[in-house]
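For reference, the chains in residue letters:
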Amino acid sequence: ISARSFALVHRSAFILGTSEGEEGAGILLLPDPLFSGSASSFAAMAARVALLLCLAVGGAQAVTVTWATIAGGAWETTTNWVGGTLPGINDDAVIPNTITGAITVSAATVSLKSLVLGKNALTFATTVTSSTIGTLTHAETAGTMTMQGATSVFNIGTVRLDGTLGWSVLTGATVTIGSFYFNGATNYLSIGSTPSSKVNVSSYFEWKGSGNYMSDPQSLTTCYFTIQGAATGVIMPTGGTSYIAVQFSNYGTLTYSVSTAVTMYAGHTQGVFRNYGQLYLTHPYASGQLTYYNQAQFHNYGVLWVNTTSGYSIVNVLNNYNLVRVIAGTLRIRNGGTGYAGSTINHDATGTVQFEAGTYTVAAGSTIGAGPNVVAMSTGILQVNGGFQPTTFRLADAGCVYFNNASQSLAFTSITQTGAGSWVAFTAPFTVDTYVLTASGTTLYPGFVVASGTRGTIGSLYLNGTQARIQITGAQLNVSNYFEWSGVNNQIYDTAQTGYLTLQSSATGYFNGTGTAQYLYGQLHNYGRVRYSCTQNGIRNFGDWVFTDVINSALQGTGTTNFYNYGRMVLNVTAGVYFGYSLQHYGDLDITNGVWNMATGGTFYSGSNIRRAATGTLQFSGGTLNQLAGANVYNTTGVIVSGATVTSAGLFEGSTFQITSGSIAFKQDFADYRFDSINMVRCCLLSANPSEDFNNCFMFTPENCGKEVKVRRGAKTLQGVVT
């Protein structure tokens, strides 16, 4: 009796009912008045009431009703059931696994305490408008169930799928489940879109097992699976590959966690995953992943938590409207998406956000929040129109970042670029403690661009890639600590020569690039100390390269490689520049202060110019220097030949000319060579006889015949015509 209830509605009747429904209930008529007379007559009346109550309750007890016909048939045919009785609301309906034929339910209303499915096919026809089942279970290795009908509503307290079942919800049917256990192996739930069908979970959802999936047979993306607001759940596949290919919405609290290395495609083909509640990605395995696949999209209106230890989660097309937080592990965002105004992606010390393929846009008012770790790029594009607060990030494999928010000042501890084709564009002012550019390119130039009118400061800059490029047109880029240029065929690029790369006074540096196409287009102003040492043909300067310092040896180099100057170089130092390579000079060299010491010779080409100020000196200390016709050396206060072999066929003039060792041969008319004095401390041996030692001598060649020469040395003057 405790499972039933009864109430006195008036003096002459009781209504008996059950907690499961109305079946078995009745009206018990009692005397009016309820009792009278002696205590013994009351006891007799009470005994009769108790007997009737027991009979009522006994008539409502649940029984197990088993399907009997192997060939299947109609649910409503009583002869198909053992005992010839249809199962009711208090009954457990069982379809044995020996049944092979299809069973069809056509009654408008079906109510069961429980239903156990077999291996056969069970179909609820569209004529079924309402169905209530306490518990539905399936543990067999085969079987199908179909629920359908545009106005059909199915309410199931608990669904346990522990076998392999094909369950279809079609043609607009709505199924509401209290607790749904989607386990077993290769179970599939097919939710149709013509018209939209729906499956709702109100209390608890569990997805385990191996290879289970949800799909839309019409692939029209208007089928819905919803975890309702009060529900909790866990997705924990134990093997195989699982799929969600429906419109999956979570309003509750859902956790994804794997116990082995498995893959789950949440959003296969046309699927869409919408999170309105709390979604936790907590799987601890490096190869376990929750993947949103193909054309699928993930819309986050709630909170997405990523805490995958050493693993990663992949989200395809992330549209974020609220909060994504990566506590640990890696969140890989594939095929782009959008962070809308008011949204945030945060990552903690051990969390990583990685953008892969496609374009992800951080809209104005959206933020990628602060975090000490890396925001990584891999074959993806990140358009930052809102806030960007990470202190470090890495680019790889053609990943690109465009900082388009000119009103935000950016500050980074480190930026690293690796792989081919990666690119960063700075429109906002920025500072970087350490920038390492080791990316390589072929047809594309990896590197970064500082937009016109933008100022950037880098503590230590490493240009160590292959065909890497720093573009500074109209911008100003400062290096405050260290600049290293190595790698193969790297470039500083500014064909308009309106930008500046400045090595500040505290900076040191090292040029050690390889390849035959290292280019400097633009203006490099050096206020620090830079060492140049290339093993192959070296840098090509097309812009302005200004050497300015207050310490010794602004540029020192070793090797026998070439430095090509097509632009303008300016020397303004207190000591000098030691050129330990061959200068191929096509442009301009202005020696305003200090010594330009050419230790390995080179070539001055026609149209090139070397000018000096009062305190500038040009020194040839080694190698062979050829000044071609049309090349000009002007106003050199000091020309020093100290161990080099110099041949001049162009304009060569200066106020003083000193030879301590080596030789210089003038090939043009002596009218082009004008010196106030020539001081020959010691020349090389000019005689064909090595035993002869001629000190302080000139050697005249046949080209000089008929020319007049006048040389003063101290108080002595030599003047005459060369014959």
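Starting from 1, residues in each chain are numbered consecutively following that chain's sequence as written. Selection of residues for local features in this predicted model requires a pLDDT of at least 70, selection of side-chain atom pairs for listing and counting requires 80 or more, and totals for whole chains, interfaces and linings are taken over all residues. Only hydrogens and water are set aside; all other atoms, that is, all heavy atoms of the structure, feed into the side-chain values.

Peer 1: Describe the side chain of S249, listing the residues and the values that go with them.
Peer 2: Mapping S249 onto the fold places it in strand 21 (residues 247-250). A simple rule labels every residue: compare its accessible area, found with a 1.4 Å probe on the protein chains alone, to the largest value its type can have, and call it buried under 20%, exposed over 50%, or partly exposed in between. A residue is classified by how much of its surface remains accessible, and S249, at 8% relative accessible area, is buried. If we ignore the near neighbours within four places in the chain, the residues touching S249 are F225, T226, I227, R274 and Y276. To qualify as a helix, a DSSP run of H or I must reach at least 4 residues; to qualify as a strand, a run of E must reach at least 2; elements of each kind are numbered from the N terminus. Residue contacts are defined here by distance: any two heavy atoms, one from each residue, within 4.5 Å place the two residues in contact.

Peer 1: Please give an account of the environment of A341 that cites residues and values.
Peer 2: By the secondary structure assignment, A341 is in the loop between strand 29 (323-339) and strand 30 (344-356). Under the relative-accessibility criterion, A341 is labelled exposed at 56%. Spatially, the C-alpha atoms of A341 and G386 are 8.3 Å apart, while their sequence positions differ by 45 residues. A341 has contacts with A363, A364, G365 and S366, leaving out every residue within four places of it along the chain.

Peer 1: Give me the pairing of strand 13 (residues 166-170): which residues, what numbers.
Peer 2: For strand 13, the buried fraction is high: 5 of the 5 residues fall into the buried class. What you see with strand 13 is no split at all: G166, S168 and L170 on one side and W167 and V169 on the other are buried throughout. Here, a strand pair is defined by DSSP locating no fewer than two bridges between the strands. Pairing of strand 11 (residues 144-148) with strand 13, which is carried by 5 bridges, proceeds in the parallel orientation. Across the sheet, T146 pairs through a bridge with S168, a residue of strand 13. Summarising the sheet, strand 13 and strand 15 (residues 188-191) pair through 4 bridges and their orientation is parallel. Its bridge partner being in strand 15, S168 is matched across the sheet by S190.

In short, geometric facts, not functional conclusions.
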